[in-house]
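Structural overview for review
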Amino acid sequence: MTLGECIYIVDDNEMTSQSLAFFCESLGYETKVWNDPEEFMEAYPTLDKVGCIVLDVRMPKKNGLEVFAELKEQKNKLPVIFLTGHGEVRMAVHALKEGAFDFLLKSPEEKELIDVIERALRLSLDLKFRDDQMAYDKRRFDSLTEREKDVVLLVGKGMMNKNIADALQISEKTVQQHRGSACRKLNLINAVEIADFLRKLKGNQR
């Protein structure tokens, strides 16, 4: 069962890429194939961000490591699986150290190929869920008024209402009103949940 994930295959060998695409499609996955790495990089910004990239190491115009470096510059989050020959394993290991997901020797066993692709797609879905949650949390925080944000940030630091009132030079009742309104917008209950929400928001923005 798939959830709309796509496998992006970049290999200058048309026979190899089409064979791989046919196999992946037989498992129910959508595939897209590029035999020219430069054309792939031109299309990359338009790709759906759930899926994985199967990238050949050895290509004439631009090798897989060069493509991978460009993907990193564009802050790619799609897991990258390298296809490599026996003589290129060292290059593939280097790519792993640089953040590639995995590498497969040509021609991989079906079981191994399925395992690596399924793990890569699960990771992609997890990353998409995290990104969606981050965007949702940011929208919730952005919905607060400036004063509500001031109050929430100080609550997150563990300050009591009275101390917040002194720091912001407003009444404690006004602090309670802003705090209550912010909690309703954020769907949070107490200071512990507020602190946890802010910690996650800050961590995701790094």
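First, a word on what this report is: a plain description of the structure on this page. Here, residues in each chain are numbered from 1, in the same order as that chain's written sequence. A pLDDT threshold of at least 70 governs which residues receive local features in this predicted model, and a stricter bar of 80 or more applies before side-chain atom pairs are shown or counted, although totals over entire chains, interfaces and linings include all residues. For the side-chain quantities, the full set of heavy atoms in the structure was used; hydrogens and water were omitted.

1. Considerations on the overall build of the chain
To keep things clear, this is the line we draw: Secondary structure elements are taken from DSSP: a helix is a run of H or I of four residues or more, a strand is a run of E of two residues or more, and numbering for both begins at the N terminus. C-alpha atoms define the radius of gyration, and 2.2 Å times the number of residues to the power 0.38 defines the globule rule. Classification of residues uses two cut-offs on accessible area relative to the type maximum, computed with a 1.4 Å probe and protein chains only: under 20% is buried, over 50% is exposed, and between them is partly exposed. Only heavy atoms matter for contacts: two residues are in contact if any of them lie within 4.5 Å across the pair.
A tally of regular secondary structure across the chain gives nine helices and five strands. Helices and strands in the chain line up, N terminus first, as β-α-β-α-β-α-β-α-β-α-α-α-α-α. Taken over C-alpha atoms, the radius of gyration comes to 24 Å for the chain, far larger than the 17 Å a tight globule of 206 residues would show. Oriented by its inertia axes, the alpha-carbon framework of the chain measures out at about 75 × 30 × 25 Å. A buried classification covers 41% of the 206 residues belonging to the chain. Considering only contacts within the chain whose residues lie at least 6 apart along the sequence, 60% involve residues at least 24 apart.

2. Concerning the nonpolar core
Stated formally: We call a set of buried Ala, Val, Leu, Ile, Met, Phe, Trp, Tyr and Cys residues a nonpolar core when their side-chain atoms join them within 4.5 Å.
Of all hydrophobic cores here, the largest spans 23 residues; its most connected members are Y8, F40, I53, L55, L71 and F82. Broken down by secondary-structure element, the contributors of at least two residues to this core are strand 1 (6-10), helix 2 (37-43), strand 3 (51-56), helix 3 (64-73), strand 4 (80-84) and helix 4 (89-97). Formed by 18 residues, the second largest nonpolar core is a distinct cluster that contains A165, V175, L188 and F197.

3. Notes on the pattern of salt bridges
Here is the rule: By convention in these notes, a salt bridge is any Lys or Arg side-chain nitrogen within 4 Å of a carboxyl oxygen on Asp or Glu.
Following the criterion strictly, the structure yields 16 salt bridges and no others. Between D56 and K106 there is a salt bridge; the shortest N-O distance is 2.8 Å. Here the residue D56 occupies a position in strand 3, and K106 occupies one in the loop between strand 5 (102-105) and helix 5 (110-142), the gap between them amounting to 50 residues. On the accessibility criterion, D56 (1% relative accessible area) is buried. Here K106 falls in the partly exposed class, since its relative accessible area comes to 35%. Of the charged contacts, one joins K149 and E146 as a salt bridge, the two residues approaching to 3.6 Å between their closest N and O atoms. One end of the pair, K149, and the other, E146, are both in helix 6 (residues 146-156), three residues apart, so they sit about a helical turn from each other. For K149, a relative accessible area of 14% gives the class buried. In the salt-bridge network here, residues are joined through shared partners; they are D102, D115 and R119.

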